[in-house]
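# Breakdown of the fold
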Amino acid sequence: MSSKRLLAAFSVFGLSVSSLALSAPLAAQSAANQESSVPASTSEPTAPPVAEKRDYSYSHHGITISDPYNWLRDASYPTIDDEDILDHVKAENAWFEAQMKPHQPLVDTLFEEMKARIKEDDSTVPQKDGDWLYWSEFEEGAEYRKYYRKPVAGGDTQLILDENALADGVEYFRLGSFSVSKSGRYLAFSTDTDGSERFTARIKDLETGELLPDEIPGTLSGLTWVMGDRGLVYGLATKEWRVDNARLHVIGQPVESDVEIYHEEDEGFRVGTGLTAQEDWLVIATGDNETSEVRLVSAADPTGEQILVKPRKKGVEYDVDVRGDTVWVHTNDEHVNFRLATAPLDNPGEWTTLIAGSDEFYLTGFDLFKDFFVTEGRLEGLDQIQLRSYVEPALVKPIAFMEPSFSAGLSDNPEYDTDRLRLSYTSMVTPNSVYDYVVDTAELELLKQQEIPSGYDPDLYVTERLTIRARDGAMVPVSVVRRKDRPAEPGPLHLYAYGAYGYAIPPGFSTTRLSLVDRGYAYAIAHIRGGDDLGRNWYLGGKLNERTNTFTDFVDVAKGLVAEGYTAPGKISISGGSAGGELMGVVANTDPDLWGAVVAHVPFVDVLSTMLDKDLPLTPGEWPEWGNPIESKQAFAYMLSYSPYDQVTAQDYPPMLVTAGLNDPRVTYWEPAKWVAKLREYKTDDNTLLLKTNMGAGHGGKSGRFESIREMAEEVAFILWQNGGAE
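Calculation rules
Residues numbered from 1 in each chain as written. Predicted model: local features only at pLDDT ≥ 70, side-chain atom pairs only at ≥ 80, totals over all residues. Heavy atoms only, no water. Helix = DSSP H or I, 4+ residues; strand = E, 2+ residues; numbered from the N terminus. Buried < 20%, exposed > 50% of the residue type's maximum accessible area, 1.4 Å probe, protein only. Contact = heavy atoms within 4.5 Å. Polar contact = N/O pair within 3.5 Å; in protein donor to acceptor, adjacent residues only side chain to side chain. Salt bridge = Lys/Arg side-chain N within 4 Å of Asp/Glu carboxyl O. Expected span 1.5 Å × (residues − 1). Pairing = 2+ DSSP bridges. Axes fitted to C-alpha atoms, helices over the stretch in contact; angles between N-to-C directions. Left-handed = near helix turned anticlockwise from the far one by under 90°. Nonpolar A, V, L, I, M, F, W, Y, C, P; charged D, E, K, R; others polar.

## Structural notes on the environment of Lys128
By secondary structure assignment, the location of Lys128 is in strand β3 (residues 127-129). For Lys128, a relative accessible area of 34% translates into the label partly exposed. Each C-alpha atom, one on Lys128 and one on Leu368, is 17 Å from the other, the two residues being 240 residues apart in sequence. When residues no more than four places from it in sequence are discounted, the contact partners of Lys128 are Leu133, Val152, Pro414 and Glu415. A polar side-chain atom of Lys128 sits 2.8 Å from a polar atom in the side chain of Glu415.

## Focus: the side chain of Thr219
With respect to the helices and strands, the residue Thr219 is situated in strand β10 (residues 210-219). Judged by relative accessible area, which is 0%, Thr219 ranks as buried. The contact partners of Thr219, leaving out residues within four places of it in the chain, are Ser190, Glu197, Arg198, Phe199, Thr200, Ala201, Tyr234, Gly235, Leu236 and Ala237.

## With respect to the pattern of salt bridges
Here the structure, examined in full by the defined rule, presents 44 salt bridges. Its salt-bridge partner being Asp244, residue Arg242 comes within 3.9 Å of it at the nearest N-O pair. The same class applies to Arg242 and to Asp244, which are both buried. In this structure, a network of salt bridges that share partners links the residues Glu264, Glu293, Arg295 and Arg312.

## Examining unusual backbone geometry
Even without being a glycine, His61 presents a positive backbone phi close to 55 degrees. Here His61 is to be found in the loop between β1 (57-60) and β2 (63-66). Even without being a glycine, Glu380 presents a positive backbone phi close to 55 degrees. In this structure, Glu380 sits in the loop between β24 (373-379) and β25 (382-388). Using a relative accessible area of 71% as the deciding quantity, one classes Glu380 as exposed.

## Considering helix α11 (residues 670-682)
Under the 1.5 Å per step criterion, the end-to-end length of α11 is 18 Å for 13 residues, consistent within 8% with the ideal 18 Å. Among the residues of α11, those classed as buried are Trp670, Glu671, Pro672, Ala673, Lys674, Trp675, Val676, Ala677, Lys678, Leu679 and Arg680. Here the buried face of α11 lies against α1 (83-100), α7 (579-590), β36 (595-601), α8 (607-612), β37 (656-661) and β38 (689-694).

## A closer look at the sheet that holds strand β11 (residues 224-226)
Spatially, 4 strands are ordered β11-β12-β13-β14 in an open sheet, and the strand pairing comes out antiparallel. The sheet is open, and its two edges are formed by β11 and β14 (259-263), each paired on a single side. Ignoring strand direction, the axes of neighbouring strands in this sheet form an average angle of 25 degrees. Of the pairings in the sheet, the one linking strand β13 (residues 245-250) to β14 comprises 4 bridges and is antiparallel in character. Bridge assignment links Arg247 to a residue of β14, and that residue is Glu260.

## Concerning the packing of helix α6 (residues 548-563) against α7
At their nearest, the axes of α6 and α7 sit 10 Å apart, and the two run at 65 degrees to each other. Considering the relative orientation of α6 and α7, their crossing is right-handed. Of the residues in α7, those in contact with Thr550, Phe551, Phe554 and Val555 of α6 are Glu582, Leu583, Met584, Val586, Val587 and Thr590. Residue composition of the contact of α6 with α7, by class: 7 nonpolar, 2 polar and 1 charged.

In short, geometric facts, not functional conclusions.
Structure follows, in structure tokens:
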């Protein structure tokens, strides 16, 4: 979809700024939280910490649940100042460090080889937007980017933003929204300096280099320029960490005088804004995981009369763009795989089908340009980019790609009047590539391919796309990469999946993955239900009362890879994060003997307790995805049947590495802390169990490109230590 407009699709548990998620933010943090993760004692621990058990239980629908580790949730949250909790978290960190210390040489080796694959002085391909060319660069040794521009007509290069300067002196830094005004004079940007994902928005005058006094704290949204670049539309996060508003700020005016132009009353809906392709309409979209509603208002007069495209109807999702006097609508109202419709602007709810929904083709989105439009989607799970004519919309001009498994899509295309499209392309053996597609000649021009300074020969690797039958007969796609010279006998294999919120995991390239593959691993991505890899029904088949299909798909893929001779039980390492961390927790409970090592990042494992707590800020918005156990006894029982924390039992568990972020507003720190505490109590083996909590970071781990690589090196070192392969 166009980068200049907002889709009324509200996803969770992802890592992007626009994503919404499950748990409350850390609005305040005591000084103790910023201390080293190592306790005051300098002696290394000789045994893992054992969490105290304290009597606590809750009852719903006549069922009582005992939860003796509930005390690990700080009662004063979002402030975390309970010394017992902080001491326990730090003790777990000390145990992690003590156990990893003998493997530090391996971590260092992996870090250096991963770092050597990164071009340190790298830059993006410049892109024209109006009178300027824009791009960003990493300097050698720098953790963060610098953003530049220069006039299309020629002239000096201008540094417009330096993330490194903004990150100086803070433990964590993340750039949120980045929006240059249409005239090119102003830059609006937002930053987060503690991982809590409450961003502060600022405005810079790019003509003078001056940072304007306008400062908007507490944003959790994009920043949309309106009123001829005099106004900025944004959304504030409520104390419950959701955006229920769209507000207008006029440059130079006090933030206190900003006007709320839309307010959402439904506690499960989230609000976002953007511009239409011609930038003449402001789009105000609201929705949850299954329902959308969109309003249009003149970008020149955002406080003026709003046009409601169509009132919300439960289960109907739609997003829109406008071309002239016609509203274009992408919706699932008549077909689960979406159709494309149009409507007159003066009657925007009267939708006429332009491209009908299809059982075979999953229409994921569209983009409007002056002389043509583009539809994107997936066919048999593979990305499709299709050019279409306004005169003959049914005439499809697809962009062809040669590999059997790949990921491709529109990239940054800011201009409405263009004769070429910027595309991104990658596969599990082809590094990330940037192309321009010339519309008139149908030529693909390679502008840049990711460089691997330490060397990379794609001919040494092969990627495959398999289908494996799940226990109910569903055929699950699996993308695999391995070295061509990998021995034929079953060897170590790493299996990754996510499986939630309709997120399709692309079979893309990874430099860090090579550290496993070059040590004899096959690396597989299971495109399980819960994602929308094979269409919207594939997603629906892994949510609500079908949620357990996600978990059984993953297990069946692992068993299928064993049957195909790729690996053997006990030689499979697995990883997943957030909702994918929930997946790790479930399969560790159900099929522990399959796994040689489990890595669960910020795992959503205390499912039932979280979904029962309507006071947690994001819980109401999650009920359409998981179910509402407060109202439904069936939903309560179903969640209880798979919730990883509740289903921990006395059995052998595989070696496990669990990560958390003290400032994580999506999966709160206490979920992995409680889970690990309960695992330590119940597990009957001597296998390694580690919990690492980032004390100054959130859902995405540490910021900075090298810091994040070091954490990946720790993960790979743990896998090699526990699951075998050359260290």
